[in-house]
Amino acid sequence: MDRFTDETALVTGAGSGIGRATAQRLASEGANVVVSDIDEDRGEDVVASIEDDGGSATFVSANVADPDAVQRVVEVAVETYGSLDIAHNNAGILTGFQDIADIGEDDWDKLMAVNLKGVWAGMKAELPVMEEQGGGVIVNTASEAGLVGMGGLGNYVASKHGVVGLTRTAALEYADRGVRVNSICPGVVETPMTAERLDTAEFQAFVETNTPMGRPADPTEIAPLAAFLASDEASYITGANVPVDGGWTAH
Ligand code: NAD
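Residues numbered from 1 in each chain as written. Predicted model: local features only at pLDDT ≥ 70, side-chain atom pairs only at ≥ 80, totals over all residues. Heavy atoms only, no water.

J.: Report on the site of the ligand, specifying residues and quantitative values.
T.: By nearness alone, 30 residues border the ligand, and Ser16, Asp37, Tyr156, Val189 and Thr191 come closest of all. Take valine 189: an N or O atom from its main chain is 2.7 Å from an oxygen atom of the ligand. Relative to its unbound accessible surface of 830 Å², the ligand loses 93% to contact with the protein. Those elements giving two or more residues to the shell around the ligand turn out to be helix H1 (17-28), helix H6 (154-174) and helix H7 (192-198). For the shell around the ligand, the element with the most residues is H7, which contributes three residues. Residue composition of the shell around the ligand, by class: 14 nonpolar, twelve polar and four charged. (Near = heavy atom within 4 Å. Polar contact = N/O pair within 3.5 Å; in protein donor to acceptor, adjacent residues only side chain to side chain. Areas by Shrake-Rupley, 256 points an atom, 1.4 Å probe, with all protein chains shown as cover. Helix = DSSP H or I, 4+ residues; strand = E, 2+ residues; numbered from the N terminus. Nonpolar A, V, L, I, M, F, W, Y, C, P; charged D, E, K, R; others polar.)

J.: I'd like to hear about the environment of threonine 58, residue by residue, with values.
T.: Within the secondary structure, threonine 58 sits in strand E3 (residues 56-61). When its relative accessible area of 23% is taken as the criterion, threonine 58 is described as partly exposed. Threonine 58 sits 24 residues away from valine 34 along the chain, and the two C-alpha atoms are 5.0 Å apart. Among all residues touching threonine 58, those that are not within four sequence positions of it are Val33, Val34, Val35, Val47, Thr80 and Tyr81. Within the local environment of threonine 58, its side chain forms a polar contact with the side chain of tyrosine 81, the two groups lying 2.7 Å apart. (Buried < 20%, exposed > 50% of the residue type's maximum accessible area, 1.4 Å probe, protein only. Contact = heavy atoms within 4.5 Å.)

J.: Residues and numbers for the pattern of salt bridges, please.
T.: Evaluated as defined, the whole model comprises seven salt bridges. When the shortest N-O distance is used, the salt bridge between arginine 3 and glutamate 29 registers 2.6 Å. On the criterion of sequence distance, the pair formed by arginine 3 in the segment before strand E1 (8-12) and glutamate 29 in the loop between H1 and strand E2 (32-37) is long-range, its members being 26 residues apart. Accessibility expressed as a relative area gives 21% for arginine 3, which makes it partly exposed. With relative accessibility at 3%, the residue glutamate 29 sits in the buried group. Glutamate 131 is paired through a salt bridge with arginine 177; the nearest N and O atoms lie 3.4 Å apart. Of this pair, glutamate 131 sits in helix H5 (residues 117-133) while arginine 177 sits in the loop between H6 and strand E6 (179-186), and the two are 46 residues apart along the sequence. (Salt bridge = Lys/Arg side-chain N within 4 Å of Asp/Glu carboxyl O.)

J.: Kindly report on the packing of aromatic side chains, identifying the contributing residues and their values.
T.: Scanning the model with the defined rule gives three aromatic pairs in all. Plain terms: the ring middles of phenylalanine 206 and tryptophan 248 are 5.6 Å apart, the flat faces sit at 70° to each other, and that makes the pair edge-to-face. Highlighted residues: phenylalanine 206 in helix H8 (residues 201-210) and tryptophan 248 in the segment after strand E7 (241-244), separated in sequence by 42 residues. Look at tryptophan 248 and you get buried, because its relative accessible area is 7%. Joined through ring pairs, the aromatic side chains of Phe97, Phe203, Phe206 and Trp248 make up one cluster. (Phe/Tyr/Trp six-rings, centres within 6.5 Å; stacked < 30°, edge-to-face > 60°.)

J.: How would you summarise the packing of H1 against helix H9 (residues 223-230) if you had to cite specific residues and measurements?
T.: As a packed pair, H1 and H9 sit with axes 8 Å apart at the nearest point and diverge in direction by 50°. As far as their axial angle goes, H9 and H1 are oblique. Crossing handedness for the pair H1 and H9: right-handed. Where H1 abuts H9, its residues Ala21, Thr22, Arg25 and Leu26 lie against Ala223, Pro224, Ala226 and Ala227. Considered class by class, the residues forming the contact of H1 with H9 number six nonpolar, one polar and one charged. (Axes fitted to C-alpha atoms, helices over the stretch in contact; angles between N-to-C directions. Parallel < 35°, antiparallel > 145°, perpendicular 65-115°, else oblique. Left-handed = near helix turned anticlockwise from the far one by under 90°.)

Below is the structure:
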């Protein structure tokens, strides 16, 4: 499939896990990919992997919690490739498992700055460019934690419910301006974010108990959904927050 030939895609948090898999998937289908991450080594490694496979990519370092930095990434995308057709606002962090009363203010602020403000900062920079050029597609990364509550993850759950709400609102605002906005809502995925926890019997049991399919996902099982939502095959889908969670939210 070559669904994205000559299109420009920006992926944040593209240095690892889900973002890495989506950047590679979009590039493999013809997109020029702007790989953005706060971690330069990881980002450059993804660019190298895309180029090794014959694709086209550029790394731009940015902290998504800094709207000026995100604005510069969008400018580089347009300067380098001439447009911004797809944006995958994906960067996110987890601060740990704590009951709401035990979450520290620092952890609350740090997580919200990346997971929620970062998605807003992305859309703030991307939407005007897409509107101006006559269209575009945004795929935010929310989570199953954006659709249901989860004990011990109060700040994460709140941030991802925020991403779901922002996604719906951006879709409403831009439906008649040529921009579709959706989110993916993954269940537990084996990435560096979850690696340490998945090594513990307790967390493995938590995943197995709550996931009807009984296992975590591989990032390559998430990227195809992001690519589908970014493609013209999803031309009538906007404002959707789509689970890809092995059945977790079917409970
Ligand atoms: P990951 O830790 O493997 O990758 C996250 C990437 O984001 C890293 O490369 C990191 O350097 C980058 N990053 C972190 N803070 C950043 C910042 N401030 N600015 C720019 N880049 C930053 O994590 P992942 O599991 O691939 O998670 C990606 C997204 O998917 C996140 O939004 C996460 O909340 C969401 N998600 C993950 C899971 C899961 O189980 N892994 C489940 C549902 C949703």
